[in-house]
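Next come the chains, spelled out residue by residue.
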Amino acid sequence: MRELRATDLPALILILHQCEAFTEVEIACALELLEIMINDPLQQDYRVAVANGGDEVQGYILYGPVPMTEGTYDIYWIAVDPDCQGQGIGRQLMRHAERQARAAGGRMICLETSSQGHYQRTREFYRQAGYCEENRIRDFYRPGDDRLTYVKRFTTMKDS
Ligand SMILES: CC(C)(COP(=O)(O)OP(=O)(O)OC[C@H]1O[C@@H](n2cnc3c(N)ncnc32)[C@H](O)[C@@H]1OP(=O)(O)O)[C@@H](O)C(=O)NCCC(=O)NCCS
């Protein structure tokens, strides 16, 4: 696990495409956030961690304190190279973000995901990591595609 480098961008863009979970618009948004991190590493809104095996970039997580809240964090993006999935890397990234948020006075982490079938594995991943579904807005993304908000509250967090 390490900080983001400008040279990671091509590998991260490839991973975002290879995941086959994101639309072109979503990938453009993910890239925009990564570029903000590279161009202005001292900005306060986002944090990023890159999972690596030696020189190989395996995935990343982008999270940060939600503006105008006290101690609420959001996980905005997480992606792991499909060739490296199922090896615990996603879990390591989540734990890293949770430790950092908690150390900075965070009370909870929220994240949003889709109700669609192909996100089933992702939703299971969040549940296994101790996140609970607390909110559902029906048809948020498009008709038939709800937005689910998952939350983990650090006061009840058992691990890390
Ligand atoms: C979701 C994602 C980040 C998980 O990363 P990962 O490295 O594969 O996850 P891990 O190996 O750390 O798995 C952690 C846990 O997730 C669950 N999990 C992993 N693979 C699973 C599978 N095939 N089916 C169900 N649950 C699974 C398990 O509970 C696993 O714990 P275990 O190994 O003790 O059983 C990764 O699959 C990914 O990048 N998906 C595409 C992008 C995406 O959906 N991002 C989120 C957008 S909202």
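An unreviewed UniProt entry annotates the chain as N-acetyltransferase domain-containing protein originating from Syntrophotalea acetylenivorans.

Caption draft 1: Structural detail: the site of the ligand. Val80, Gly88, Gly90, Arg121 and Gln128 are the nearest of the 22 residues found near the ligand. Ile78 places a polar main-chain atom, nitrogen or oxygen, 2.9 Å from a nitrogen atom of the ligand. Gly90 is positioned with one of its backbone polar atoms (N or O) 2.8 Å from an oxygen atom of the ligand. Here the ligand, which alone exposes 940 Å², has 74% of that area covered by the protein.

Caption draft 2: Molecular detail of the environment of Ile89. Structurally, Ile89 can be placed in helix H3 (residues 89-103). Put simply, Ile89 and Thr7 are 82 residues apart on the chain and 20 Å apart in space, counted from C-alpha to C-alpha. Contact partners of Ile89, with chain neighbours within four places excluded, come to Ala51, Gln58, Val80 and Cys84.

Caption draft 3: Just the pattern of salt bridges, in detail. Evaluation of the coordinates by the stated rule reveals eight salt bridges. Salt-bridge contacts for Glu112 lead to Arg147; the nearest nitrogen and oxygen are separated by 3.5 Å. On the criterion of sequence distance, the pair formed by Glu112 in strand S4 (residues 108-114) and Arg147 in strand S6 (residues 145-153) is long-range, its members being 35 residues apart. The partner of Asp146 in a salt bridge is Arg136, with the nearest N and O atoms 2.6 Å apart. With Asp146 in strand S6 and Arg136 in strand S5 (residues 132-142), this residue pair connects regions lying ten residues apart in the sequence. When its relative accessible area of 9% is taken as the criterion, Asp146 is described as buried. Here Arg136 falls in the partly exposed class, since its relative accessible area comes to 42%. A single salt-bridge network, built from bridges that share partners, covers Glu133, Arg136 and Asp146.

Caption draft 4: Layout of the pairing of strand S2 (residues 56-65). Judged by how many residues are buried, S2 sits mostly within the fold: eight of ten residues are covered. In this sheet, S2 lies alongside strand S1 (residues 47-53) in antiparallel orientation, the contact comprising seven bridges. What sits directly across from Arg47, in S2, is Tyr63. Two elements, S2 and strand S3 (residues 72-80), share seven bridges in a ladder whose sense is antiparallel. Bridging across to S3, Tyr60 finds its partner in Ala79.

Here is what the cut-offs are and how they apply
- Residues numbered from 1 in each chain as written.
- Predicted model: local features only at pLDDT ≥ 70, side-chain atom pairs only at ≥ 80, totals over all residues.
- Heavy atoms only, no water.
- Near = heavy atom within 4 Å.
- Polar contact = N/O pair within 3.5 Å; in protein donor to acceptor, adjacent residues only side chain to side chain.
- Areas by Shrake-Rupley, 256 points an atom, 1.4 Å probe, with all protein chains shown as cover.
- Helix = DSSP H or I, 4+ residues; strand = E, 2+ residues; numbered from the N terminus.
- Contact = heavy atoms within 4.5 Å.
- Salt bridge = Lys/Arg side-chain N within 4 Å of Asp/Glu carboxyl O.
- Buried < 20%, exposed > 50% of the residue type's maximum accessible area, 1.4 Å probe, protein only.
- Pairing = 2+ DSSP bridges.

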